[in-house]
Amino acid sequence: MERDISEVLFTEEMIRERVTRLGMQLGRDYDGRTPLLLGVLKGCFVFMADLMRHIDLYCEVRFITASSYGSGTVSSGGVRLGDISQLDIEGRDVVVVEDIVDSGLTLKRLRDCLLEMRPASLRICALLDKKSRREIEVEIDYIGFECRDVFCVGYGLDCAERYRNLPYIGALRPEVYI
Ligand code: PRP
């Protein structure tokens, strides 16, 4: 698996430090409230597990599914959202937790759907922001790292469902996915 990686972009140590800080910041920003952390599967699951352990507050966690890539490497533009009708977020302080924002299409679609459900507040926390790839503007409130336009895998991020278990985030060699 490791030989498919051309470069380590974010080491375990860098991720640990940044995620700790993000969690502490969320803890301060939501002091006195009980935020609902809403993870976007599958990519978010490692980030969510680490992030929430650094939020020193009562908080709840739920997950939804969203997928834009299928098994390929380029966004299809079509966003598939799982069933969010049972979420019951009315009046809640919702924090959407994402592993990566690329075109922004997933978040835009999700955000619009969630806002219709009238949460008290809605913020976005994303570990990686690939700004250069944005196709639609979407505001991100908490960003772990800005990221170059390379194919990132590890720490929950996949290529055709592989590499999610790498403990760091690396760039995948093009010859592996082309
Ligand atoms: C990734 C990521 C985001 C989305 C971002 O999910 O987790 O949900 O793509 O891309 P966008 O900004 O271009 O919409 P993916 O579809 O790869 O599914 P996964 O999380 O199950 O790997």
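Provided above is the structure to which this section pertains.
Note that the structure is predicted; figures quoted are calculated from it, not measured. (Residues numbered from 1 in each chain as written. Predicted model: local features only at pLDDT ≥ 70, side-chain atom pairs only at ≥ 80, totals over all residues. Heavy atoms only, no water.)

**Student:** Account for the site of the ligand, naming residues and giving values.
**Tutor:** The immediate surroundings of the ligand are formed by 18 residues, with Glu98, Asp99, Ser103, Gly104 and Thr106 found nearest. Note that an oxygen atom of the ligand is positioned 2.9 Å from one of the backbone N or O atoms of Gly43. One of the side-chain N or O atoms of Asp158 is found 2.9 Å from an oxygen atom in the ligand. Elements supplying a minimum of two residues to the shell around the ligand: strand S3 (60-67), strand S5 (93-101) and helix H3 (105-115). Classifying every residue of the shell around the ligand by side-chain character gives 6 nonpolar, 6 polar and 6 charged. (Near = heavy atom within 4 Å. Polar contact = N/O pair within 3.5 Å; in protein donor to acceptor, adjacent residues only side chain to side chain. Helix = DSSP H or I, 4+ residues; strand = E, 2+ residues; numbered from the N terminus. Nonpolar A, V, L, I, M, F, W, Y, C, P; charged D, E, K, R; others polar.)

**Student:** Can you explain the side chain of Glu98? Please cite residues and give values.
**Tutor:** For Glu98, the location among the structural elements is in strand S5. For the buried Glu98, which has no salt bridge, the nearest side chain bearing the opposite charge is Arg164, at an N-O separation of 9.2 Å. Once residues within four sequence positions are removed from consideration, Glu98 is found in contact with Val40, Cys44, Phe47, Thr106, Leu107, Cys125, Ala126 and Leu127. (Buried < 20%, exposed > 50% of the residue type's maximum accessible area, 1.4 Å probe, protein only. Lys, Arg positive; Asp, Glu negative; His and termini not counted. Salt bridge = Lys/Arg side-chain N within 4 Å of Asp/Glu carboxyl O. Contact = heavy atoms within 4.5 Å.)

**Student:** Describe the packing of helix H1 (residues 12-29) against helix H2 (residues 45-52), and please don't skip the residues or the numbers.
**Tutor:** Packed helices, taken two at a time, are described by their axes: the angle between them and the distance between them. It is at 8 Å that the axes of H1 and H2 come closest, and there the two elements cross at 60°. As the angle between them shows, H1 and H2 are arranged oblique. H2 is crossed by H1, and the crossing has right-handed handedness. Residues Val19, Leu22, Gly23 and Leu26 of H1 lie in contact with H2, whose contacting residues are Phe47, Asp50 and Leu51. (Axes fitted to C-alpha atoms, helices over the stretch in contact; angles between N-to-C directions. Parallel < 35°, antiparallel > 145°, perpendicular 65-115°, else oblique. Left-handed = near helix turned anticlockwise from the far one by under 90°.)

**Student:** Could you give an account of the sheet that holds strand S1 (residues 5-10), naming the residues involved and the relevant values?
**Tutor:** In spatial order, the strands read S1-S9-S8; together these 3 strands make up an open sheet with antiparallel pairing. Here the strands that pair on one side only, and so sit at the sheet edges, are S1 and strand S8 (152-153). (Pairing = 2+ DSSP bridges.)

**Student:** For the packing of aromatic side chains, give the residues involved together with the corresponding values.
**Tutor:** When we look at a pair of aromatic rings, we describe it by the centre distance and by the angle of the planes. Scanning the model with the defined rule gives 2 aromatic pairs in all. Here Phe10 and Phe145 contribute two aromatic rings whose centre-to-centre distance is 4.3 Å and whose plane-to-plane angle is 20°, an arrangement assigned as stacked. Highlighted residues: Phe10 in strand S1 and Phe145 in strand S7 (residues 142-146), separated in sequence by 135 residues. For Phe145, a relative accessible area of 12% puts it in the buried group. Ring centres 5.0 Å apart and planes at 35° place the aromatic pair Phe151 and Tyr177 in the tilted group. Of the two residues, Phe151 is situated in the loop between S7 and S8 and Tyr177 in helix H4 (residues 174-177); the sequence distance between them amounts to 26 residues. Residue Phe151 is classed as buried on the basis of its relative accessible area, which comes to 11%. (Phe/Tyr/Trp six-rings, centres within 6.5 Å; stacked < 30°, edge-to-face > 60°.)

**Student:** How would you summarise the nonpolar core if you had to cite specific residues and measurements?
**Tutor:** Phe47, Leu51, Leu128 and Ile169 are the most contacted members of the largest nonpolar core, which totals 26 residues. Elements that contribute at least two residues to this core include exactly S1, H1, H2, S5, strand S6 (121-129), S7 and strand S9 (169-172). Here the element with the most residues in this core is H1; it accounts for 4 residues. Leave out the neighbours within four places in its chain, and Phe47 touches Val19, Leu22, Val97, Glu98, Cys125, Ala126, Leu127 and Tyr155. Membership of the second largest hydrophobic core comes to 20 residues, among which are Leu36, Leu87, Leu110 and Leu122. (Core = buried A, V, L, I, M, F, W, Y, C linked by side-chain atoms within 4.5 Å.)

**Student:** Can you lay out H3 for me, pointing to particular residues and giving the numbers?
**Tutor:** Turning to H3, its buried residues are Leu105, Thr106, Leu107, Leu110 and Leu114. Where H3 is buried, its residues meet strand S2 (36-41), S3, strand S4 (80-81), S5 and S6.

**Student:** Describe in detail unusual backbone geometry, supporting the description with residues and values.
**Tutor:** With an omega dihedral of 0°, the bond running from Leu41 to Lys42 counts as a cis peptide bond. Among the structural elements, Lys42 can be located in the loop between S2 and H2. Even without being a glycine, Asp88 presents a positive backbone phi close to 55°. Along the chain, Asp88 turns up in the loop between S4 and S5.

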